[in-house]
Protein chains: 2
Amino acid sequence: MATIRDVAKAAGVSIATVSRVYNNQSLVSPQTTQLILKIADELEYVPNSAARNLIMRRTHTLGVLLPDLYGEFYSELIRGIELVAHRHGFQILLSSSFHGPEDIVMASKAMLGRIDGVIMMSPDKRSMRTAEKISGKVPVVLLNPGEPIEGCHVVAVDNFAGARAATKHLLDLGHRRLAMVAGPEDNIDALDRQEGFRRALIDAGLDPEEALVIPGDFRELSGFKAARVIMGQDPRPTAVFAANDGMAIGLMAALQDKGLALPDDMAVVGFDDITLAGFVTPPLTTVKVDAGCLGGRAVEIMLETLDMEETAPTQRVVLPAHLKVRSSCGIPAGRDHFSRRPWMEPEPHHPEKPVATEYGDEEVQP
Amino acid sequence: MATIRDVAKAAGVSIATVSRVYNNQSLVSPQTTQLILKIADELEYVPNSAARNLIMRRTHTLGVLLPDLYGEFYSELIRGIELVAHRHGFQILLSSSFHGPEDIVMASKAMLGRIDGVIMMSPDKRSMRTAEKISGKVPVVLLNPGEPIEGCHVVAVDNFAGARAATKHLLDLGHRRLAMVAGPEDNIDALDRQEGFRRALIDAGLDPEEALVIPGDFRELSGFKAARVIMGQDPRPTAVFAANDGMAIGLMAALQDKGLALPDDMAVVGFDDITLAGFVTPPLTTVKVDAGCLGGRAVEIMLETLDMEETAPTQRVVLPAHLKVRSSCGIPAGRDHFSRRPWMEPEPHHPEKPVATEYGDEEVQP
DNA sequence: TTGTACGCGTTATCAT
DNA sequence: ATGATAACGCGTACAA
C-alpha cells in the first residue's frame, strides 16, 4: 500500500506538502495540489487512518457497547446512533453480545485509542460499573443505567412512568385482575417496567402481590408461552401488561389460537411501540419508546462534550414514554400508522429534539 | 492517559519489558511481570490500540458497510456479523445510511488502516463498484451483490429461487390472478425477487405482464397502502406475493380492516421469515432467509481469508431461501415457533457451518 | 510556498 | 531476562 512518502517521492515534494493537501488545502499552491492529487490517485494512495488517529488524537469514531442486538428496540437504537453519527462524519465501533463484566471490560480496552467517546448500555447494574473505569479516559454516555454513575452523561427512557401509565390505563378501563409478562430478571428496563406496574396497582388500592407476574425474556415465544399460564388461572385475569411488544404480540397470537376474541375476552398492552405494533390485529396499545431518538440524543450529547474541550458538567436526559392507545385494550382507536420518527428522516441537520412534556418530561440537568 | 513509557519509568524497567508483559508473557521473569502489572494497574494503563494497529498491521476489526439499518433483516444481519466476529475477538466498524456512491467511498477510506477487512452490502449495482477499489487494499466479502466483482468473496441469498417457489406455491394452490407488492426499484434483492415472481408465472404458462405489480419500499406502510390498489382491481387478485414480510404484514392488516377473511378471501405470502411472521394472525407463509447466517458466513469467510496469508481464490456461497408454509395461503399449517437460528445460540465456539453446495442447495438446518 | 525534523505509543530486532 | 533503538505512517512547529 502506498504511503504518504511514496506520493511525496513520486511528486518530487516533501511529505509535509502532501500532508497539507489532505488537511490545510489552502496552504499549498494550486498547481502542486493538482499534481499531488493526480499522483495520489495513480498510486491509489489513501491516508492511513490508524496513523492519523495516533497523532491527531481524534478518531471520528464512537465506541458503542450494547448488551444485545436482538429485536427492534436495539435495531432502532443502533440505527439512531449511526444516523446521527453519520451526519457528523463519525463512524461506529461496535461491540455487543457480552457474557459478563469481564468481557465488556476487554472490549472497551480494545477500543481505547480508536475512539473519541463511548456510548454504553449495560444489561445489569453490575456491568454498569465498568463505565467508571472508562470515564476517566474518554467521555461516556450511558443509556438507561440503573443508577447514575459519576462523570457519565445519561440518556434514559422513563420506563417506570410508561409502565405505570399503561397499567393505569387497564385499571381505568375497569380491569381488576391484571397479569404481567415480565422481562429478563437482571434487565434494568424490565425491572423498571415491573416497578411501574406494581406502583399503578398500589395507586389503585390493589395489592401488587396478588397480581400474576409471569417470567419472560423479551422474546416473542416467551409471550406466546405465557398464554398457557394465564389461561390456567381461576379466576382468569382480564388484562395483561407485557413488558415489551414482542411478548405482547406472541401472547396475543396464543390467546387468539385458544379462541379468545381480543380485546373483548382479554385486554393486552405492550411496551416499545415497535413498527409492527400498529399492524397486528387488533392494533396493539402500547407505550411508545423512541429507541432511535434515545441513541440519537446520546450521540448529540457526546458530540457536544467532544466539542468543548473543557470538561462540562454531566447531562441527564430522560425521554418520555407515552401511552399509545390503539385497540387491543377495548377502546376502538383504529390503527395509527403515523408512528414515524420525523427527526430520523433524511438530512435535517439539526434534528428536532423531543419536546419536553408532562409525565416523564425531558429533564436536562446540568 | 498513562503510556507504556510511564509504566516503564515507574517500574524502573524499559518499555520493551513492559511491552513483552502484554504480548510474550513468557519472556519476562515472574517477579517483574507482577511488578509491572501492579504498576500498570495503579496508573490505569491501557495499551493504545491505535498505536498497536499501526505497527502490527492487525486491527482485529472488520469494516461493515450497509445500505441501511431499518427492519429485522438488517437487524439480524448485523447481529450475525457481530456475534461471529465477537467469538473470534473481532470488533465491528460500522458505517451505514449512505446517500450515494460518493458517500460510501468516503466511509471506506476513513476505515483504511483501522480494519483488517470489509464486509459490504450495497443497495444498488452502481455503488457495488466501490468494492473493486477497496479490494486492492483489504479483503472484501460482498453480501448479495447484483453480479460478482473481481477479487471479492460473495455470500448471497437465493432471492430468485425463493420468490419463484413462493409464487409457485400460490399457483399450485390454484390461484391465477396474482399480485405482487415489490420492493425499492434500485434494490438488488427486490429486483431478484421480482424476477422470481415473473419466472414462476411464465413457468405456469401465465403472462407476467398481466400480473399486478404494486410499487413498495419494504416498509410496512407501503404494504398497508397497497391494499387499496388491490381492492380496486376488477377482477380482484386472489393472492398476493409481497417482497418482504413487513409489507406482507402491513397488507394483511389493511385487508383485514377492509373486512376480508384471510386466507379465504385472499392468500398472502411474504419473504424473509422475520420472527413476527409466525405470530401474526393468520401465521404468515413466507420464504425463510436467515439474515444472521448470511452475516455470520461472511465473517467466517473473511476470517479464513485473513488467516492464510496468501491470496486464496474467491469464494461464492449461496444460501437457500426455503418456502415456509404457514396458514396465510390457505393451508392450515398452524404456527411454527421453531424458526430459530441454532448456530446463533450462545457459545458454540465452532458453529456449524452451512455446507456450501451448488446454487441454492446449501442447507442450514440443524 | 515548501522542507526538515520531531513526536504520537506501540512492537520488533538486535544487542547485552 | 532485559535494554536501546528502529520502525509503523502521519501531522505540524519551525525554519527556509
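Below is a short write-up of the structure. Not measured: the values here are computed from a predicted model. (Residues numbered from 1 in each chain as written. Chains lettered and ligands numbered in written order. Predicted model: local features only at pLDDT ≥ 70, side-chain atom pairs only at ≥ 80, totals over all residues. Heavy atoms only, no water.)

**Considering helix α2 (residues 15-22) of chain A**
Residue and element names in this part refer to chain A.
Item 1. Those residues of α2 that sit buried are T17, V18 and V21. The buried residues of α2 all sit within an arc of 100 degrees when viewed along its axis, so they share a single face.
Item 2. At its buried positions, α2 is contacted by α1 (4-11) and α3 (30-42). (Buried < 20%, exposed > 50% of the residue type's maximum accessible area, 1.4 Å probe, protein only. Helix = DSSP H or I, 4+ residues; strand = E, 2+ residues; numbered from the N terminus. Arc of directions from axis to C-beta. Contact = heavy atoms within 4.5 Å.)

**Brief notes about the sheet that holds strand β9 (residues 267-269) of chain A**
Residues and elements named next belong to chain A.
Item 1. As summarised here, the arrangement of the four strands in space is β7-β6-β8-β9, forming an open sheet in which the pairing is parallel. Looking at the sheet topology across the chains shown, the edges are occupied by β7 (212-214) and β9. Neighbour-to-neighbour, the strand axes of this sheet turn through a mean angle of 20 degrees, independent of strand direction.
Item 2. Sheet analysis places strand β6 (residues 178-181) next to strand β8 (residues 239-242), joined by four bridges and oriented parallel. The residue bridging V181 from the neighbouring strand is A242, located in β8.
Item 3. With respect to the sheet, helix α10 (residues 188-203) is in contact with β6, β7 and β8, its orientation differing from that of β6 by roughly 170 degrees.
Item 4. Sitting on the sheet, helix α12 (residues 245-257) touches β6, β8 and β9, and the angle it makes with β9 is about 160 degrees. (Pairing = 2+ DSSP bridges. Axes fitted to C-alpha atoms, helices over the stretch in contact; angles between N-to-C directions.)

**Some thoughts on the sheet that holds strand β1 (residues 61-65) of chain B**
Item 1. Spatially, twelve strands are ordered β11(A)-β5(A)-β4(A)-β3(A)-β1(A)-β2(A)-β2(B)-β1(B)-β3(B)-β4(B)-β5(B)-β11(B) in an open sheet, and the strand pairing comes out mixed. Of all strands in the sheet, those bounded by a partner on one side alone are β11 (316-319) of chain A together with β11 (316-319) of chain B. Mean inter-strand twist for the sheet, computed between neighbouring axes without regard to direction, equals 20 degrees.
Item 2. Across four bridges, strand β5 (residues 153-157) of chain A lies against β11 of chain A in parallel orientation. Following the sheet pairing, A156 of chain A is matched in β11 of chain A by V318 of chain A.
Item 3. Relative to β1 of chain B, helix α6 (residues 101-111) of chain B is tilted by about 175 degrees, and along the sheet it contacts β2 (91-95) of chain A together with β1, β2 (91-95) and β3 (117-121) of chain B.
Item 4. Strand contacts of helix α13 (residues 291-307) of chain B: β1, β3, β4 (140-143), β5 (153-157) and β11 of chain B, with the helix running at about 165 degrees to β5 of chain B, the strand carrying the most contacts.

**Observations concerning the relation of the copies chain A and chain B**
Item 1. Mapping chain A onto chain B calls for a rotation angle of 180 degrees and an axial translation of 0.0 Å; the resulting RMSD is 0.1 Å. As the rotation angle and translation indicate, the two copies are arranged about a two-fold axis. Using C-alpha coordinates, one finds that chain A approaches the rotation axis most closely at L93 of chain A, a distance of 2.2 Å.
Item 2. A share of 100% of interface residues in chain A that are also interface residues in chain B marks the association as one of identical surfaces. (Least-squares fit on C-alpha atoms with pLDDT ≥ 70 in both.)

**Observations regarding the protein's contact with DNA strand D**
Item 1. Neighbouring residues of DNA strand D: 30 residues in total, closest I4 of chain A together with S14, T17, R20 and R57 of chain B.
Item 2. Sugar and phosphate atoms constitute 56% of the interface atoms of DNA strand D, taking the interface as everything within 4 Å of the protein.
Item 3. Here a phosphate oxygen of DNA strand D and a side-chain polar atom of Y45 of chain A are 2.9 Å apart.
Item 4. A distance of 2.9 Å separates a phosphate oxygen of DNA strand D from a polar side-chain atom of T32 of chain B.
Item 5. Counting only elements with at least two residues in the surface near DNA strand D, the list comes to α1, α2 and α4 (49-56) of chain A together with α2 (15-22) and α4 (49-56) of chain B.
Item 6. Within the surface near DNA strand D, the residues separate by chemical class into 16 nonpolar, nine polar and five charged. (Near = heavy atom within 4 Å. Polar contact = N/O pair within 3.5 Å; in protein donor to acceptor, adjacent residues only side chain to side chain. Nonpolar A, V, L, I, M, F, W, Y, C, P; charged D, E, K, R; others polar.)

**Digging into the environment of V157 of chain B**
All names here are of chain B.
Item 1. Within the secondary structure layout, V157 lies in strand β5.
Item 2. Along the sequence, V157 and D290 sit 133 residues apart, while their C-alpha atoms lie 8.6 Å from each other.
Item 3. Not counting the four nearest positions on each side in its chain, V157 is found in contact with N144, V289, L294, V318, L319 and A321.

**Notes on the protein's contact with DNA strand C**
Item 1. Near DNA strand C you find 29 residues, and of these T17, R20 and I55 of chain A together with I4 and S19 of chain B are the closest.
Item 2. Near the protein, within 4 Å, the atoms of DNA strand C are sugar or phosphate in 63% of cases.
Item 3. One nitrogen or oxygen atom from the main chain of S29 of chain A is found 2.9 Å from a phosphate oxygen belonging to DNA strand C.
Item 4. Note that a phosphate oxygen of DNA strand C is positioned 2.9 Å from one of the backbone N or O atoms of N48 of chain B.
Item 5. Contributing elements (two or more residues each) for the surface near DNA strand C: α2 and α4 of chain A together with α1 (4-11), α2 and α4 of chain B.
Item 6. When grouped by side-chain class, the residues that make up the surface near DNA strand C number 16 nonpolar, nine polar and four charged.

**Here's the deal with empty space enclosed by the protein**
Item 1. Under the criterion given, the structure shown has six cavities of 30 Å³ or more.
Item 2. Put simply, the largest cavity is a space of about 80 Å³.
Item 3. F279, V280 and T281 of chain A together with V280 and T281 of chain B are the residues nearest the centre of the largest cavity, which is lined by 13 residues in total.
Item 4. For the lining of the largest cavity, the elements supplying multiple residues, two or more each, are α12 of chain A together with α12 (245-257) of chain B.
Item 5. Ranked by residues supplied to the lining of the largest cavity, first place goes to α12 of chain B with four residues. (1 Å grid on protein atoms, 1.4 Å probe; cavity = no way out; pocket = protein on both sides within 12 Å on 5 of 7 lines; lining within 4 Å. Points joined across faces, edges and corners; volume = space filled by probe spheres on them.)

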